[in-house]
Amino acid sequence: MKNSADMTTLSRYMYRTATSKKLSLQNAVKLLQSTAYVRTTKDILMKFSRLDPAKESELQAYVLDALLKTSDAIGRDSLRRKVSIWIKEGGAIGKDAAIQLAFAFGLSHDQADELLKYTRSEGFHWRDPEDIVFSYALLKGLSYQKACELKDRMAQAGLLSPVDTGAEAAVARTEQIRQKAENLDSEEELIAFLTANQSSLGTLHNTAYGYFTQYLKLLQEPEPDHSFTDAWFSEQDGKKPSEEYDAFGRFDTYSIRDVLIEYLHSERIPKESRPRKDKQTSERSALILSAMQKSIRNHWPDEIALSKMKNRATDVTRKVLILLFIATDGYAVTEYDEFETDLSREEEFEDMYERMNNMLNECGFAPLDPRAPFDWMMLFCMCAGAKDFIDLRIERFLQAIFPDTPQ
């Protein structure tokens with residue numbers, strides 16, 4: 001887990017700003033809209049290229065030359081356009097490009113894993129056979145071209161098409177797979193490893209899916225609230241509990257749509273990202289605001305996405321796990337929790353922060369990043385205190401970020 005002591009100066013500043021409890025909601029939103037400290041693609045490239053900050057103007061040429069040296073088959077003009085989009089327009093770096101950059105910059109495996117987390121919010125996936133091949137190549141000091149040739153040989157041998165047996169079979173084996181894969185000494189051992197473990201490998205994140213199913217079940221099948229009675233509910237709204245509610249005044253089950261509306265604030269998220277048009281706002285501020293809106297909105301789950309995740313038709317995303325963790329307090333509720341009154345507000349935040357980062361790390365995802373708009377918003381809202389206050393702050397924050405969203 002990365003605590004504030006492990007962060008860079010700018011990250012530490014943003015973390016402390018989010019968690020200081022000195023900002024009003026209005027000022028917090030303004031800060032996120034106007035801040036120059038949101039991490040850009042250019043910032044990431046500067047960090048991992050290890051270029052002297054005084055030579056920032058040389059970054060584009062440096063990255064272009066480094067990438068050109070990784071392969072003879074790369075077109076200079078198309079690559080120049082791609083690098084220009086990254087640096088001048090803040091374009092996203094795809095996973096394949098991030099891996100290529102890791103080789104181009106001569107990064108260690110740990111540094112390459114960190115680069116992936118900065119660009120894709122997740123590191124190498126130790127159950128993905130293609131990621132295992134690139135990890136092996138980095139650990140053995142192979143060039144990018146040799147790594148691609150190795151990947152092609154593994155594909156031709158049919159070893160990059162795993163037979164995924166599902167979450168139950170592999171969740172507990174992920175760390176074991178990693179430990180074995182990190183100690184492979186030759187291509188022959190790599191082939192033998194991929195062959196022997198083919199039924200345990202897959203591209204979906206099983207550990208993340210395990211957390212996802214626990215959290216979602218808790219929200220869809222909530223524990224009954226014994227403080228309500230059939231008579232009370234019938235008296236209040238004229239409905240019989242059997243029609244909509246159980247005997248304790250709760251829904252028998254919540255649908256995916258119910259969960260999205262009730263717990264994941266989906267009605268506050270616009271279906272299409274629209275930059276605000278304000279003649280009094282400078283062009284630079286408008287661009288930052290638009291980028292910030294997109295960063296928060298991107299991958300926010302809708303009914304189709306959440307259903308696909310539940311049915312394993314698509315992978316569980318980091319953003320969904322964070323939202324579900326907040327909604328369930330990380331499934332940490334026990335029958336004794338109501339008696340826990342000795343934790344201060346600061347201690348409650350630190351406990352939630354540590355548990356969430358531990359969960360993200362276990363799933364192979366990046367920890368909370370105070371220089372990413374969505375993560376900063378979560379940090380700010382997590383400091384509100386009890387869960388109901390956190391939910392209310394998220395609602396109000398989203399309403400301020402997306403004021404044009406129909407209510």
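Residues numbered from 1 in each chain as written. Predicted model: local features only at pLDDT ≥ 70, side-chain atom pairs only at ≥ 80, totals over all residues. Heavy atoms only, no water.

**Student:** Give me the lowdown on the overall build of the protein, citing residues and values where you can.
**Tutor:** A count of helical and extended segments in the protein gives 22 helices and zero strands. Looking at the protein as a whole, 43% of its 407 residues qualify as buried. Long-range pairs, those at least 24 residues apart, make up 70% of the contacts in the protein with a sequence separation of at least 6. (Helix = DSSP H or I, 4+ residues; strand = E, 2+ residues; numbered from the N terminus. Buried < 20%, exposed > 50% of the residue type's maximum accessible area, 1.4 Å probe, protein only. Contact = heavy atoms within 4.5 Å.)

**Student:** Describe unusual backbone geometry, naming the residues involved and giving the relevant values.
**Tutor:** At S121, a residue that is not glycine, the phi angle is positive and equals roughly 70°. Structurally, S121 is set in the loop between α7 (109-120) and α8 (129-139). For R312, which is not glycine, the phi torsion reads 60° and is therefore positive. Among the secondary structure elements, R312 is positioned in the loop between α18 (303-310) and α19 (318-328). Given the relative accessible area of 22%, R312 is considered partly exposed.

**Student:** Go over the packing of aromatic side chains with me, naming the residues and quoting the values.
**Tutor:** Tallied over the full model, the rule gives 14 aromatic pairs. When the centroid spacing of 6.2 Å and the interplanar angle of 25° are considered together, the rings of Y209 and F212 count as stacked. In this pair, Y209 and F212 both sit in helix α13 (residues 206-220), three residues apart, roughly one turn of the helix. Each member of the pair Y209 and F212 is classed as buried. Ring pairs connect the aromatic residues Y15, F349 and Y353, which therefore count as one cluster. One Lys or Arg, K47, reaches over the ring of F48 and ends 5.5 Å from the middle of that ring. (Phe/Tyr/Trp six-rings, centres within 6.5 Å; stacked < 30°, edge-to-face > 60°. Lys NZ or Arg CZ within 6 Å of the ring centre and 35° of its normal.)

**Student:** Tell me about the confidence of the model for the protein, and please be specific about residues and values.
**Tutor:** Overall, the predicted model of the protein reaches an average pLDDT of 84, with 80% of residues at or above 70. Residue range residues 238-251 is modelled with pLDDT below 50. Its contacts to residues more than four positions away, or to other chains, number 36 contacts. (pLDDT = per-residue confidence, 0-100.)

**Student:** I'd like a rundown of the pattern of salt bridges, residues and numbers included.
**Tutor:** Counting across every chain of the model gives 15 salt bridges. A salt bridge links R355 to D329; the shortest N-O distance between them is 2.8 Å. On the criterion of sequence distance, the pair formed by R355 in helix α20 (residues 345-362) and D329 in the loop between α19 and α20 is long-range, its members being 26 residues apart. Residue R355 is classed as partly exposed on the basis of its relative accessible area of 22%. Each member of the salt-bridge network shares a partner with another, and the members are D329, D351 and R355. (Salt bridge = Lys/Arg side-chain N within 4 Å of Asp/Glu carboxyl O.)

**Student:** For the nonpolar core, give the residues involved together with the corresponding values.
**Tutor:** Core analysis: the largest hydrophobic core is formed by 60 residues, its most contacted members being F212, I296 and F397. If near-sequence neighbours (up to four positions away) are discounted, F397 is found in contact with L25, A28, V29, L32, W376, M377, F380 and C381. (Core = buried A, V, L, I, M, F, W, Y, C linked by side-chain atoms within 4.5 Å.)

**Student:** Before we move on, could you go through the environment of D110 and cite the residues and values that matter?
**Tutor:** Position of D110 among the secondary structure elements: in helix α7. The exposed category is assigned to D110, whose relative accessible area is 58%. Considering only alpha carbons, one finds D110 and L139, 29 residues apart in sequence, at a separation of 9.3 Å.

**Student:** Describe in detail helix α9 (residues 144-156), supporting the description with residues and values.
**Tutor:** One turn of an α-helix holds 3.6 residues; hence residues three or four places apart share an orientation. Between its first and last C-alpha atoms α9 spans 18 Å; for 13 residues at 1.5 Å apiece the expected length is 18 Å, and the two agree. Those residues of α9 lying buried are Y144, A147, C148, L150 and M154. Buried residues of α9, seen end-on, are gathered within an arc of 160° and therefore sit on one face of the element. In this structure, the buried residues of α9 make contact with α6 (95-104), α8 and α12 (187-196). (Expected span 1.5 Å × (residues − 1). Arc of directions from axis to C-beta.)

**Student:** I'd like a rundown of a negative patch on the surface, residues and numbers included.
**Tutor:** On the surface, a cluster of negative charge is made up of D342, E346, E347, E348, E350 and E354. With respect to the element layout, E348 can be found in helix α20. Using a relative accessible area of 33% as the deciding quantity, one classes E348 as partly exposed. (Patch = residues over 30% accessible without salt bridge, like charges linked within 9 Å, V, L, I, M, F, W, Y side chains within 5 Å. Areas by Shrake-Rupley, 256 points an atom, 1.4 Å probe, with all protein chains shown as cover. Lys, Arg positive; Asp, Glu negative; His and termini not counted. Charge placed at Lys NZ, Arg CZ, Asp CG, Glu CD.)

**Student:** Kindly report on the environment of Q33, identifying the contributing residues and their values.
**Tutor:** Along the chain, Q33 turns up in helix α2 (residues 25-34). For Q33, a relative accessible area of 15% corresponds to the buried category. Residues Q33 and P373, spaced 340 residues apart in sequence, show a C-alpha to C-alpha distance of 9.0 Å.

**Student:** Hey, could you go over a nonpolar patch on the surface for me, with residue numbers and the actual values?
**Tutor:** Where nonpolar side chains cluster on the molecular surface, the patch consists of L10, Y13 and Y37 and spans about 260 Å² of accessible area. Owing to a relative accessible area of 40%, Y13 belongs among the partly exposed residues under this scheme.

**Student:** Describe the packing of α2 against helix α22 (residues 387-401), naming the residues involved and giving the relevant values.
**Tutor:** Two elements in contact, α2 and α22, have axes separated by 10 Å at closest approach and are oriented at 50°. By the angle between their axes, α2 is oblique relative to α22. For the pair α2 and α22, the sense of crossing is right-handed. Along the contact surface, α2 presents L25, A28, V29, L32 and Q33, while α22 presents R393, R396, F397, A400 and I401. Here the residues of the contact of α2 with α22 sort into seven nonpolar, one polar and two charged. (Axes fitted to C-alpha atoms, helices over the stretch in contact; angles between N-to-C directions. Parallel < 35°, antiparallel > 145°, perpendicular 65-115°, else oblique. Left-handed = near helix turned anticlockwise from the far one by under 90°. Nonpolar A, V, L, I, M, F, W, Y, C, P; charged D, E, K, R; others polar.)

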